[in-house]
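Fold and contact review
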Amino acid sequence: MTNQTDDVSRALRQWFFGPPRAHGEVLDDRTVTFLELFYDLVFVVLIAQIAHTLASDVTWAGARDFAIVFTLIWIAWINGSFYHELHGRNDGRTRNYTFAQMALLALLAVYAGHAAADQSDGRSFAIVYAILLTLIALQWFSLRKYDTPDMAALTTRFVFGMGLTITIVVVSAFVADQDARLVLWAVAIGLTVLGTVLQIFRNDPQLEEAFRITESIAERFGLFTIIVLGEVVVGVAGGLAEADRDGLTIATGIASLVIGFGFWWNYFDFVGQRQPRPTALNRGMWNFAHLPMWLAIAGAGAGMVSLVEHAGDSRTPANTAWLIAGSTALMAAALAVITVTMKAHAGRRFVPFSLAAAAAISLLLGALRPAPLVLALALSATLAVVWLEAFVRHARVGSPLGDR
């Protein structure tokens, strides 16, 4: 009986307090787990909160605030997701850390919607966010005792960078002026991006080993893209719910939804679930280009509320036109960068250029500000032409567009 009790006790300790996977212990055949899907679903609430705020404040200031808060949320997601991908296990330790993050993310969602505009919510957001990032940083820091000295040094630099971000966010919680708080958040974002870029250009072989883009993380990025695309559906449904639902309004809503379909077709046929070429620069470009792409998709979804509500106007309101068209342009440009990191072949060779042209045309449409239905149809057609050109080119070389 004593031996059985000891075995159970040992198993429990191993389950809840076992070590994480060290750097280099990559599971190449790993698939995305239900725990990761559950984790990502919490971000649906966060993104919905800030997108709803942008939908009700379609201004340049509203877009700025949205971009800052969205990027802070992305920093938390990217650090938590990569840790789980590279070091997590299917054990109690990983589950407890993940559920603790999810609890903090749920609390963060309470304050996210007005974090950039409201003094009290901004302070609360900063405090909860700092606690969340500290928890993630502690997970990364715990790797040091399981790694080689070189890997431990790399992890120390990484955690130091996270510590600097956390410190700035904590300071922002005690700043009385809301504009100053936003500046501090922007500085924290800038330093995070700059630090990562500098690491990439160090050409450190340890970094090559530490931060690999595996098949499962590529799948995870695709799943997060679907989560963000959900904001397009929410935006259209929200606009139709608020507007008088006549034929023109419904047609504008459907046409707006087709823009989201165009985002999906182009992303998943060109890069979805595909890994970049195995160099630090390509991995970095692949990783960072997803941020403006996701930001653009969510921003377009928020703008569709206003687009549908103004379906009867002869011209789209300027701010709405720029938000929708600018988001489409940014999505196309970011996707062009991502495609550059892919393995080249004849069928995909022209895609970055056609996407860049689509970005330019989208901006022109934003400047022209046609009627909402015409704008939605024109943007949808622009995305469709990009896909169709790629389809024809792939067909000519005998390679289906969806092939990897």
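Anything mentioned here points back to the structure above.
Below you will find a few notes about this structure.

Attention shifts here to the layout of surface pockets. Taken as a whole, the largest pocket spans an internal volume of roughly 740 Å³. In terms of lining residues, the largest pocket is bounded by 31 residues, among which Phe158, Thr192, Gly195, Thr196 and Phe211 are the most central. Contributions of two or more residues to the lining of the largest pocket are made by α3 (60-87), α5 (119-141), α6 (149-173), α7 (178-201), α8 (205-210) and α11 (280-309). The leading source of residues in the lining of the largest pocket is α6, at eight residues. Here the residues of the lining of the largest pocket are counted per class, giving 19 nonpolar, nine polar and three charged.

On to the packing of helix α10 (residues 247-270) against helix α14 (residues 372-396). The contact between α10 and α14 brings their axes to 8 Å, and the two run at 25°. On the basis of their axis angle, the class for α10 and α14 is roughly parallel. Viewed along their axes, α10 and α14 form a crossing whose handedness is left-handed. Broken down by class, the residue content of the contact of α10 with α14 amounts to 17 nonpolar, five polar and one charged.

Turning our attention to empty space enclosed by the protein. In total, this model carries three cavities of 30 Å³ or more according to the counting rule given. Its volume calculated, the largest cavity comes out at about 90 Å³. Around the largest cavity sit 13 residues that line it, and Tyr39, Gly80, His84, Thr98 and Gln101 are the ones nearest its centre. At the level of secondary structure, the elements contributing two or more residues to the lining of the largest cavity comprise α2 (34-55), α3 and α4 (92-112). In terms of residue count, the dominant contributor to the lining of the largest cavity is α3 (four residues). In this structure, the second largest cavity is lined by Pro19, Pro20, Tyr83, His87, Gly88, Arg89, Asp91, Arg93, Thr94, Tyr97 and Gln139.

All right, on to the packing of aromatic side chains then. Taken as a whole and judged by the stated rule, the model has 21 aromatic pairs. On the numbers, 5.4 Å between centres and 65° between planes, the contact of Tyr39 with Phe43 is edge-to-face. On the criterion of helical spacing, the pair formed by Tyr39 and Phe43 is a turn pair, its members being four residues apart in helix α2. Take Tyr39: its relative accessible area is 4%, and that puts it in the buried class. Judged by relative accessible area, Phe43 falls into the buried class, the value being 0%.

Let us now look at a nonpolar patch on the surface. A cluster of nonpolar side chains, Ile226, Ile250, Ile254, Val258, Phe261, Trp264 and Trp265, forms an exposed patch at the surface whose accessible area comes to about 650 Å². Ranked by residues supplied to the nonpolar patch, first place goes to α10 with six residues. Overall, the relative accessible area of 39% leaves Ile250 in the partly exposed class.

It is worth spelling out the pattern of salt bridges at this point. This structure, assessed with the given rule, holds six salt bridges. In this structure, Arg30 and Glu85 form a salt bridge, with 2.4 Å as the shortest nitrogen-oxygen distance. Taken together, the residues span a long stretch of sequence, with Arg30 in the loop between α1 (2-17) and α2 and Glu85 in helix α3 at a distance of 55 residues. Of the residues examined, Arg30 reaches a relative accessible area of 14% and is grouped as buried. The class for Glu85 is buried, based on a relative accessible area of 2%. When the shortest N-O distance is used, the salt bridge between Asp65 and Arg64 registers 2.9 Å. Put simply, Arg30, Glu36, Asp40, Glu85 and Arg220 are held in one network by salt bridges that share partners.

Turning next to the environment of Ala311. Residue placement: Ala311 occurs in the loop between α11 and α12 (318-340). Taking the C-alpha atoms as reference, Ala311 lies 9.7 Å from Val374; in sequence the two are 63 residues apart. Excluding residues within four positions of it along the chain, Ala311 makes contact with Leu248, Thr249, Thr252 and Pro372.

Further remarks concern the side chain of Asp121. Within the element layout of this structure, Asp121 appears in helix α5. Discounting chain neighbours no more than four positions away, the residues touching Asp121 are Tyr111, His114 and Ala115.

Below, the discussion takes up the environment of Thr94. Of note, Thr94 is situated in helix α4. The spatial distance from the C-alpha of Thr94 to the C-alpha of Glu389 is 45 Å, given a sequence separation of 295 residues. Excluding residues within four positions of it along the chain, Thr94 makes contact with Leu35, His84, Gly88 and Arg89.

Cut-offs and rules
- Residues numbered from 1 in each chain as written.
- Predicted model: local features only at pLDDT ≥ 70, side-chain atom pairs only at ≥ 80, totals over all residues.
- Heavy atoms only, no water.
- 1 Å grid on protein atoms, 1.4 Å probe; cavity = no way out; pocket = protein on both sides within 12 Å on 5 of 7 lines; lining within 4 Å.
- Points joined across faces, edges and corners; volume = space filled by probe spheres on them.
- Helix = DSSP H or I, 4+ residues; strand = E, 2+ residues; numbered from the N terminus.
- Nonpolar A, V, L, I, M, F, W, Y, C, P; charged D, E, K, R; others polar.
- Axes fitted to C-alpha atoms, helices over the stretch in contact; angles between N-to-C directions.
- Parallel < 35°, antiparallel > 145°, perpendicular 65-115°, else oblique.
- Left-handed = near helix turned anticlockwise from the far one by under 90°.
- Phe/Tyr/Trp six-rings, centres within 6.5 Å; stacked < 30°, edge-to-face > 60°.
- Buried < 20%, exposed > 50% of the residue type's maximum accessible area, 1.4 Å probe, protein only.
- Patch = residues over 30% accessible without salt bridge, like charges linked within 9 Å, V, L, I, M, F, W, Y side chains within 5 Å.
- Areas by Shrake-Rupley, 256 points an atom, 1.4 Å probe, with all protein chains shown as cover.
- Salt bridge = Lys/Arg side-chain N within 4 Å of Asp/Glu carboxyl O.
- Contact = heavy atoms within 4.5 Å.

The quantities given are spatial measurements derived from coordinates; they are silent on function.
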